[in-house]
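# Overview (structure and organization)
What follows is the residue order along each chain.
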There are 2 protein chains.
Amino acid sequence: MEEKFTQKEEHILKVALDVFLEKGLHGTKMQEIADRAGVNKAMLHYYFRSKERLYAMIFEKLFLKFMNAMADSFRPEQNFAATLRHFVGTFIDSMRENPRLPLFVARELSWGGATVQKIMHDLVEQKAVKSPQIMIDELRKAERRGEIRAGFSPIQFIFTLIGACVYPFVARPIAEALFPDLLDDWDTLIEQRKEAVFDLLYNGLKK
Amino acid sequence: MEEKFTQKEEHILKVALDVFLEKGLHGTKMQEIADRAGVNKAMLHYYFRSKERLYAMIFEKLFLKFMNAMADSFRPEQNFAATLRHFVGTFIDSMRENPRLPLFVARELSWGGATVQKIMHDLVEQKAVKSPQIMIDELRKAERRGEIRAGFSPIQFIFTLIGACVYPFVARPIAEALFPDLLDDWDTLIEQRKEAVFDLLYNGLKK
DNA sequence: GTCTATATCTCGATAGAC
DNA sequence: GTCTATCGAGATATAGAC
């Protein structure tokens, strides 16, 4: 897995990541990557052969980054409340550091480019992405321990949980157009969001 | 507001809407619209002058469709529980009929194209989009009536609510890669989602 | 209004000098 | 390894015959 890149290659990759993250495959021009990286456009092809190959590397990186942000935020604590609180706090922090990440992943997967779908499926198959199955298991355990009420669907809960953490970053442009005054302090809104999401969802599950 | 189009123009617009919805501005080719609509490529320019202008019309249509799906799903009922249940059911149905809509809006707004941002802001300014302010008001009323607990942020709740309804449609490709077996019956999952979302969020707000 | 042919432009990719 | 110049594909847009 250890790919050895020169310092210059690393630098180009970093820049390419930013541009692809912002504009996606079709929106990104090789010229812009070259300009922003301060190198000649021909060098991009010298180093990475084609736009497709460069993009494939970047997509894999970013997809893993998103999935790992999710998996790494999950850590069983003394009780379910603590586990949930820790997850929400850590995952939202992670999204705040990479606000474009969830939309990038969704966008690139959506028009189902064969390349992109294949990369994702390969990563899942070779277990490079940690499965959210442990989250389901933990929910079931908490249910058996009587910490939360029974008879709900873990998969539905996880959809709601991830959606709650991620959606503000996706919907930010609309929200800011609708509530220009309310959202002038975005950082505070996101910080408060941790407790708001935990509070609502935990109460929703409690007996 | 009443723009008069011939039947043929309407037909082209309908086809263009489908293509843009699926592939976005950069992914869409005029040739594909022409082919799918069964007209000559030159006619597209004859009728709509440029791709930019055609796209601008479509984006406006789709943005309004999304915002109105949200606004129209909201209808005050006898009590807050009924209002919430109705909203979730109607809004999810609406997304089910237009599964690509939320991602389209988010995607196109994200790379901040000046055109697109301007259209959105103009629509908001001239009040062509109904404000979710009434949802906030209704939450406050229910709080005063004692139907739900006090001391939570309506705006945070709305983020969670919309995210919960919309996110499955955005994350579907990932979810299907992770849980190929669980999601073979997507329709059932979505149908059950209505009650799952209502149940979790209503319990989360109850005293 | 419609269609063919073509102009024009953008972009990914490469050849070839250094 | 690096840069300039350019090729060639593919896309938007238009000219002009009918």
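Residues numbered from 1 in each chain as written. Chains lettered and ligands numbered in written order. Predicted model: local features only at pLDDT ≥ 70, side-chain atom pairs only at ≥ 80, totals over all residues. Heavy atoms only, no water.

## Some thoughts on the relation of the copies chain B and chain A
- Laying chain B over chain A is done by rotating through 179 degrees and shifting 0.1 Å along the axis; what remains is an RMSD of 0.2 Å. Both copies are brought into coincidence by an operation consistent with a two-fold rotation axis. Considering only C-alpha atoms, the part of chain B nearest the rotation axis is B:Gly204, at 1.9 Å.
- Looking at chain B, 100% of its interface residues are interface residues in chain A too, so the copies touch through the same face. (Least-squares fit on C-alpha atoms with pLDDT ≥ 70 in both. Contact = heavy atoms within 4.5 Å.)

## A word on the pattern of salt bridges
All names here are of chain A.
- Within this structure, the stated rule accounts for 36 salt bridges over all chains.
- One salt bridge connects Arg-172 with Glu-176, and the closest N-O pair in it is separated by 3.0 Å. Residue Arg-172 and its partner Glu-176 are located together in helix H9 (residues 154-178), separated by four residues, close to a single helical turn.
- Judged by relative accessible area, Arg-172 falls into the partly exposed class, the value being 31%. (Salt bridge = Lys/Arg side-chain N within 4 Å of Asp/Glu carboxyl O. Helix = DSSP H or I, 4+ residues; strand = E, 2+ residues; numbered from the N terminus. Buried < 20%, exposed > 50% of the residue type's maximum accessible area, 1.4 Å probe, protein only.)

## A short note on the interface of chain B and chain A
- Opposite the 54 residues of chain B that make contact, chain A presents 54 residues.
- Interface area for chain B against chain A, summed over the two sides, is near 4600 Å², with a carbon-plus-sulfur share of 76%.
- Counting the surface chain B buries against chain A, the share from its top three residues, B:Phe159, B:Tyr167 and B:Leu200, is 16%.
- The tally of links from chain B across to chain A stands at two salt bridges.
- Here A:Asp199 and B:Arg149 are joined by a salt bridge, their closest N and O atoms 2.9 Å apart.
- Our count for the contact surface shared by chain B and chain A stands at nine residue pairs in polar contact (both at pLDDT 80 or more).
- Mapped by element, the contributors of at least two residues to the side of chain B that touches chain A are helix H1 (7-27), helix H4 (51-73), helix H6 (101-110), helix H7 (114-125), helix H8 (133-144), helix H9 (154-178) and helix H10 (186-205) of chain B.
- A total of 18 residues in the side of chain B that touches chain A trace back to one element, the largest contributor, which is H9(B). (Buried area = accessible area lost by both parts, 1.4 Å probe. Polar contact = N/O pair within 3.5 Å; in protein donor to acceptor, adjacent residues only side chain to side chain.)

## Describing the state of the cysteines
- Under the definition given, this model contains zero disulfides over all chains.
- Free of any disulfide, B:Cys165 has its nearest neighbouring cysteine sulfur in A:Cys165, separated by 16 Å. (Disulfide = S-S within 2.5 Å.)

## What to know about the domain arrangement of chain A
Residue and element names in this part refer to chain A.
- In terms of domains, chain A is made up of domain 1 (1-49) and domain 2 (62-205).
- A separation of 29 Å is found between the C-alpha centroids of domain 1 and domain 2.
- At the junction of the two partners, domain 1 supplies eight residues and domain 2 supplies seven residues.
- Where domain 1 abuts domain 2, roughly 650 Å² becomes buried across the two surfaces, and 68% of that area is made up of carbon and sulfur atoms. (Domains from an automatic or database assignment.)

## Section: the packing of H4(B) against helix H5 (residues 80-97) of chain B
All names here are of chain B.
- For the pair H4 and H5, interaxial distance at closest approach is 8 Å and the crossing angle is 155 degrees. With respect to each other, H4 and H5 are oriented roughly antiparallel. By crossing handedness, the relation of H4 to H5 is classed as right-handed. For the pair H4 and H5, contact is made by Phe-66, Ala-69, Met-70 and Ser-73 and by His-86, Phe-87, Thr-90, Phe-91, Ser-94 and Met-95, respectively.
- When its residues are assigned to classes, the contact of H4 with H5 shows six nonpolar, four polar and no charged. (Axes fitted to C-alpha atoms, helices over the stretch in contact; angles between N-to-C directions. Parallel < 35°, antiparallel > 145°, perpendicular 65-115°, else oblique. Left-handed = near helix turned anticlockwise from the far one by under 90°. Nonpolar A, V, L, I, M, F, W, Y, C, P; charged D, E, K, R; others polar.)

## Comments concerning the protein's contact with DNA strand D
- Contacts to DNA strand D come from 14 residues, most closely from A:Lys8, A:Met43, A:Tyr47, B:Lys41 and B:Lys51.
- B:Met30 places a main-chain nitrogen or oxygen 3.1 Å from a phosphate oxygen of DNA strand D.
- For the surface near DNA strand D, the secondary-structure elements that each account for two or more residues are helix H3 (41-48) of chain A together with helix H3 (41-48) of chain B.
- Sort the elements by how many residues they give to the surface near DNA strand D and H3(A) lands first, with four residues.
- In terms of residue class, the surface near DNA strand D is built from six nonpolar, four polar and four charged. (Near = heavy atom within 4 Å.)

## A few points about the side chain of B:Glu108
Residue and element names in this part refer to chain B.
- Locating Glu-108 in the fold gives a position in helix H6.
- Judged by relative accessible area, Glu-108 falls into the buried class, the value being 1%.
- Here the side chain of Glu-108 touches Leu-25 through a polar contact of 3.4 Å, landing on its backbone nitrogen.
- Filtering out sequence-adjacent residues up to four positions away, Glu-108 remains in contact with Gly-24, Leu-25, Tyr-55, Phe-59 and Val-116.

## What to know about unusual backbone geometry
- Notably, A:Arg49 is not glycine yet its phi reads approximately 70 degrees, a positive angle.
- Along the chain, A:Arg49 turns up in the loop between H3 and helix H4 (51-73).
- The phi dihedral of B:Lys127 falls on the positive side, at around 60 degrees, and the residue is not glycine.
- By the element assignment, B:Lys127 lies in the loop between H7 and H8.

## Thoughts on H9(B)
- B:Arg172 marks the point of greatest bend in H9(B), at about 65 degrees, and the proline B:Pro173 comes within the next four residues.
- For H9(B), the buried fraction is high: 23 of the 25 residues fall into the buried class. (Bend = angle between axes of the 7 residues up to and from the residue.)

## As for the environment of A:Gly146
Residues and elements named next belong to chain A.
- Position of Gly-146 relative to the elements: it lies in the loop between helix H8 (133-144) and H9.
- We classify Gly-146 as partly exposed; its relative accessible area is 30%.
- Along the chain, Gly-146 and Thr-6 lie 140 residues apart, while their C-alpha atoms are 54 Å from each other.

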